[in-house]
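Given next are the chains, with one letter for each unit.
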Amino acid sequence: MSFAVALLALLLATGAGAPPAATAPASTRVLLAKLRAAGRAEVGVRVERRDPLGGGARVARGRLALELPRFARLDLDDGQRLTLRDDGGDWLQPATRQLIRAGARTTSGLLLWCGALLDPRTPGLVERKIGAREYALVPRAPAVGDTQRVTLGGDGLPLRVVVTSSPGESVEYRLSGWRFGPARGRSGFVLEPPRGYEVVKMQ
């Protein structure tokens, strides 16, 4: 489930806990305002995972959907589907014909980093401006967790997110074609197994 965030390097803080758009951190102000006004955000995503040992990069493409509170879904072009919610998340893997259904305990760490995109004031994270339109989100305890760097486009929306783990492995998300529309609700973030798939449950 680790690949899931790093999507899910992109989830949300709870709607009640997120700051109003007027006082939101600079790295999320435009996205949060648009999401709250519309209900749902969708964006194309290119995911590149770099091997710290020099084994080359792996690239995947798909589409990410976000809704408040704390809903995220990534649909990859290879058929994989990943979701996150407050109560856990799902990972559909066509290659192994499995649906992994994870509980809140398994996904709690992912929610911290997914929440960071829309509310860097999530407990445990600090936002630092490091460029004209670039921000670093770092853990308050340096030895715990990953570092996330967010680059904004000219429209103020996230254009690039890089998550770097302590061993030096990094995952880059290139975001393009942001669209906003009405929310679809929780049902759109709960996956059901196709016929013949094994369901693996985790706490």
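What comes next concerns the included structure. Please read these numbers as outputs of a predicted model, since none were measured by experiment.

Looking at where Q80 falls in the secondary structure, it is placed in the loop between β3 (71-76) and β4 (81-85). A residue is classified by how much of its surface remains accessible, and Q80, at 17% relative accessible area, is buried. Sequence separation between Q80 and A95 is 15 residues, and the spatial gap between their C-alpha atoms is 8.6 Å. Among residues more than four places away in sequence, those in contact with Q80 are L74, D75, W91, L92 and P94. Polar contacts involving the side chain of Q80 include one to the side chain of W91, which spans 2.9 Å.

What follows is about helix α2 (residues 29-38). Regarding α2, the residues found buried are L31, L32 and L35. Seen along its axis, α2 keeps its buried residues to an arc of 95 degrees; they face one direction. Of the surrounding secondary structure, the elements contacted by the buried residues of α2 are β1 (40-50), β2 (57-67), β10 (158-164) and β11 (170-181). Downstream of α2 by one or two residues, G39 has phi in the positive range, about 115 degrees.

We now examine the packing of aromatic side chains. Considering all chains together, one arrives at 2 aromatic pairs under this definition. Where F71 meets F189, the ring centres are 5.2 Å apart and the plane angle is 15 degrees; that geometry is what we call stacked. Placement of F71 in strand β3 and of F189 in the loop between β11 and β12 (198-202) is noted, with a sequence separation of 118 residues between them. Centre to centre, the rings of W178 and F180 are 6.1 Å apart; their planes meet at 10 degrees, and the pair counts as stacked. Overall, the relative accessible area of 29% leaves F180 in the partly exposed class.

Conventions and cut-offs
Residues numbered from 1 in each chain as written. Predicted model: local features only at pLDDT ≥ 70, side-chain atom pairs only at ≥ 80, totals over all residues. Heavy atoms only, no water. Helix = DSSP H or I, 4+ residues; strand = E, 2+ residues; numbered from the N terminus. Buried < 20%, exposed > 50% of the residue type's maximum accessible area, 1.4 Å probe, protein only. Contact = heavy atoms within 4.5 Å. Polar contact = N/O pair within 3.5 Å; in protein donor to acceptor, adjacent residues only side chain to side chain. Arc of directions from axis to C-beta. Phe/Tyr/Trp six-rings, centres within 6.5 Å; stacked < 30°, edge-to-face > 60°.

Take it as geometry only, folks, not as evidence of what the structure does.
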